[in-house]
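A closer look at the structure
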Amino acid sequence: MSFGETPITLVGNLTDDPELKFTDGGAALAKFTIAVTPRTFDRTSNAWKDGTTAFYRCAAWRTLAEHVADSLKKGSRVVANGRMRQHDWTTDQNEKRSMLAVEIDDIGASVRFTTVTINAKPASQNGPAGNDPWTAANGSAGASADTEPPF
């Protein structure tokens, strides 16, 4: 992250399935919206009250975009970290427009109200083979899945 950027963490729900596209150069781009609704406890009524929902348009790039499209769907509760970006353009009628969007750096399913199962990709898809200290191939001879961690 560069100096002067606005970091943001969003906790909310996807309003629709992520839309996966590819640029002319072949880079994956996932676009999606996260709805965030604050809740406060009202002591006079002894009940939780929903605040005004804010909708954040988000974009994820490359491998992250593909993982988002493969893993998340409408209604998924997520925790997302990213940076606010302002986009400016001019319409065909020569009107100037502007919008804020979040460029996502990392995102995951929230386990506050549900459970999830992690399906790890093979080492060849996560980076150079042999860099995973949890695999037997990188440990000592005869290492098994239930050996002590390498730290």
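Computed from a predicted structure; not experimentally measured. (Residues numbered from 1 in each chain as written. Predicted model: local features only at pLDDT ≥ 70, side-chain atom pairs only at ≥ 80, totals over all residues. Heavy atoms only, no water.)

What to know about unusual backbone geometry
You will see that R62, though not glycine, has its phi angle at about 55 degrees, which is positive. For R62, the location among the structural elements is in helix α1 (residues 62-71). We classify R62 as exposed; its relative accessible area is 53%. Notably, N94 is not glycine yet its phi reads approximately 65 degrees, a positive angle. Judged by relative accessible area, which is 64%, N94 ranks as exposed. (Helix = DSSP H or I, 4+ residues; strand = E, 2+ residues; numbered from the N terminus. Buried < 20%, exposed > 50% of the residue type's maximum accessible area, 1.4 Å probe, protein only.)

Things to note about the packing of aromatic side chains
Scanning all chains against the criterion turns up one aromatic pair. Seen from their ring centres, F41 and W48 are 5.4 Å apart, and the 70 degrees between their planes marks the pair as edge-to-face. By relative accessible area, which is 52% here, W48 ends up exposed. (Phe/Tyr/Trp six-rings, centres within 6.5 Å; stacked < 30°, edge-to-face > 60°.)

Note that every value here comes from positions in space, so none of it alone points to a role or purpose.
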